[in-house]
Amino acid sequence: MKSILPICFLFMIISCTSDSTTELKIREFEGAVCEDCPKVRISIPEAQDNTVLGKSVNTAVREEIIELLDFAQNKNAIDIPGAMDAFTTGYRNLQEEFPEELTGWEASVTGTKSYEDPSLLTLKLETYLFTGGAHGYGATRYLNFDKKTGAELSGTELLNDPEAFSEFAEKVFRKKYDIPEEAPINSTGFMFEENRFTLPENIGLSANALVLHYNPYEVASYADGSLILEIPLDKGLAFLERPDY
């Protein structure tokens, strides 16, 4: 198991700016503006260097956007403009099939750097997609990276003991949403599978907190919106797996 940074050093990380800040530049893409075009706007951070970390960051962001916009079964898009073209093609194909019923499609992605210290980099992607129906769907995605190896880390890979952290997070969740300690986790209307608390798909870091973000439908209805737990960094960092430096 990798070592955990001492608590005193954690406070140094929080209070000081790293001298190895990743160089990111916002890059924007906008779809064609025409009567039969969907609205597409993308604003994302792009790594400016050719390091392993820079390549990993740009690849991860690109793949997220392709996954969002390219509905083709084989996902033929290989870059962001290609994903935007695929989204437009999907809209026009449906427009030809249902010309009287189809409403305009819309997609947006806004990315920002959420957190950085000498060990970890976290990006936050906020997405919105509307392809007809009663409403669109907004979601948040955290992308975490080990700055030493460039590897993208899942939420649970950030943690030194996912099981212990899940027990801790459940207590925080129950307190925030007024669920009695001995009651089933779904007793107040949540929709955890098998009535058991689970960590969200998205775990990331912000400047002040370790963030657990449940997107709409993940454990609650659309009307409930996103459910967000923010654990202060002085507590949250103690649960993180840290690279050796």
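Just so it is clear, the structure is predicted and the values come from calculations on it, not from any experiment.

Remarks on the overall build of the protein chain
Part 1 of the reasoning: Of regular secondary structure, the protein chain possesses five helices and nine strands.
Part 2 of the reasoning: When its helices and strands are written in sequence order, the protein chain yields α-β-β-α-α-β-β-β-β-α-β-β-β-α.
Part 3 of the reasoning: Looking at the 245 residues of the protein chain, the share that counts as buried comes to 43%.
Part 4 of the reasoning: Partitioning the intrachain contacts of the protein chain with sequence separation of at least 6 by distance along the chain shows that 54% fall at a separation of at least 24.

With respect to the state of the cysteines
Defined simply, a disulfide is a covalent bond joining two cysteines at their sulfur atoms.
Part 1 of the reasoning: Going through the model one piece at a time under the given rule, you end up with one disulfide.
Part 2 of the reasoning: The residue that forms a disulfide with Cys34 is Cys37, at a sulfur-sulfur distance of 1.7 Å. One quick way to see it: the torsion about the S-S bond of Cys34 and Cys37 is about 85 degrees, and its sign makes the bridge right-handed.
Part 3 of the reasoning: Residue Cys34 is classed as partly exposed on the basis of its relative accessible area of 35%.
Part 4 of the reasoning: Accessibility expressed as a relative area gives 14% for Cys37, which makes it buried.

Observations regarding the sheet that holds strand β3 (residues 106-116)
Part 1 of the reasoning: Overall, mixed pairing links the six strands, which are arranged β1-β2-β3-β4-β5-β6 in an open sheet. Each having just a single partner strand, β1 (24-30) and β6 (152-153) make up the two edges of the open sheet.
Part 2 of the reasoning: The strands touched by helix α3 (residues 80-97) are β1, β2 (39-47), β3 and β4 (120-130); relative to β2, the strand with the most contacts, the crossing angle is about 165 degrees.

Brief notes about the side chain of Asp70
Part 1 of the reasoning: Mapped onto the elements, Asp70 comes out in the loop between α2 (52-69) and α3.
Part 2 of the reasoning: One buried charged residue, Asp70, forms no salt bridge at all, with the nearest opposite charge on Lys75 at 5.3 Å.
Part 3 of the reasoning: Apart from the residues within four sequence positions on either side, Asp70 is in contact with Lys75, Asn76, Ala77 and Ala86.

Things to note about the packing of aromatic side chains
Part 1 of the reasoning: What the rule picks out here adds up to 18 aromatic pairs.
Part 2 of the reasoning: Both rings, one in Tyr137 and one in Tyr217, keep their centres 6.0 Å apart while their planes meet at 10 degrees; by these two values the pair is stacked. Linking Tyr137 in strand β5 (residues 137-146) with Tyr217 in the loop between β8 (209-214) and β9 (227-232), this pair joins segments that are 80 residues apart in sequence.
Part 3 of the reasoning: For Tyr137, a relative accessible area of 28% gives the class partly exposed.
Part 4 of the reasoning: Measuring from ring centre to ring centre gives 5.4 Å for Tyr177 and Phe190, while their planes differ by 70 degrees; the resulting arrangement is edge-to-face. With Tyr177 in the loop between α4 (162-176) and β7 (202-205) and Phe190 in the loop between α4 and β7, the pair connects residues that are 13 residues apart, well separated along the chain.
Part 5 of the reasoning: Clustering of aromatic rings is evident, with ring pairs tying together Phe173, Tyr177, Phe190, Phe192, Phe197 and Tyr214.

A closer look at the sheet that holds β7
Part 1 of the reasoning: Strand order in the open sheet made by the three strands is β7-β8-β9, with antiparallel pairing throughout. Edge strands, defined here as strands with exactly one partner in the open sheet, are β7 and β9. For this sheet, the mean angle separating the axes of adjacent strands, direction not counted, is 20 degrees.
Part 2 of the reasoning: In this sheet, β8 lies alongside β7 in antiparallel orientation, the contact comprising four bridges. Bridge pairing links Gly204 to Val211 in β8.
Part 3 of the reasoning: Contacting β8 and β9, α4 runs over the sheet at an angle of about 115 degrees to β9.

Some remarks on the pairing of β2
Part 1 of the reasoning: Note that β1 and β2 share seven bridges and pair antiparallel. Within the sheet, the bridge partner assigned to Phe29 lies in β2 and is Ile42.
Part 2 of the reasoning: The sheet contact formed by β2 and β3 spans five bridges and is parallel. The residue of β3 that forms the bridge with Arg41 is Ser108.

Rules used throughout
Residues numbered from 1 in each chain as written. Predicted model: local features only at pLDDT ≥ 70, side-chain atom pairs only at ≥ 80, totals over all residues. Heavy atoms only, no water. Helix = DSSP H or I, 4+ residues; strand = E, 2+ residues; numbered from the N terminus. Buried < 20%, exposed > 50% of the residue type's maximum accessible area, 1.4 Å probe, protein only. Contact = heavy atoms within 4.5 Å. Disulfide = S-S within 2.5 Å. Pairing = 2+ DSSP bridges. Axes fitted to C-alpha atoms, helices over the stretch in contact; angles between N-to-C directions. Lys, Arg positive; Asp, Glu negative; His and termini not counted. Salt bridge = Lys/Arg side-chain N within 4 Å of Asp/Glu carboxyl O. Phe/Tyr/Trp six-rings, centres within 6.5 Å; stacked < 30°, edge-to-face > 60°.

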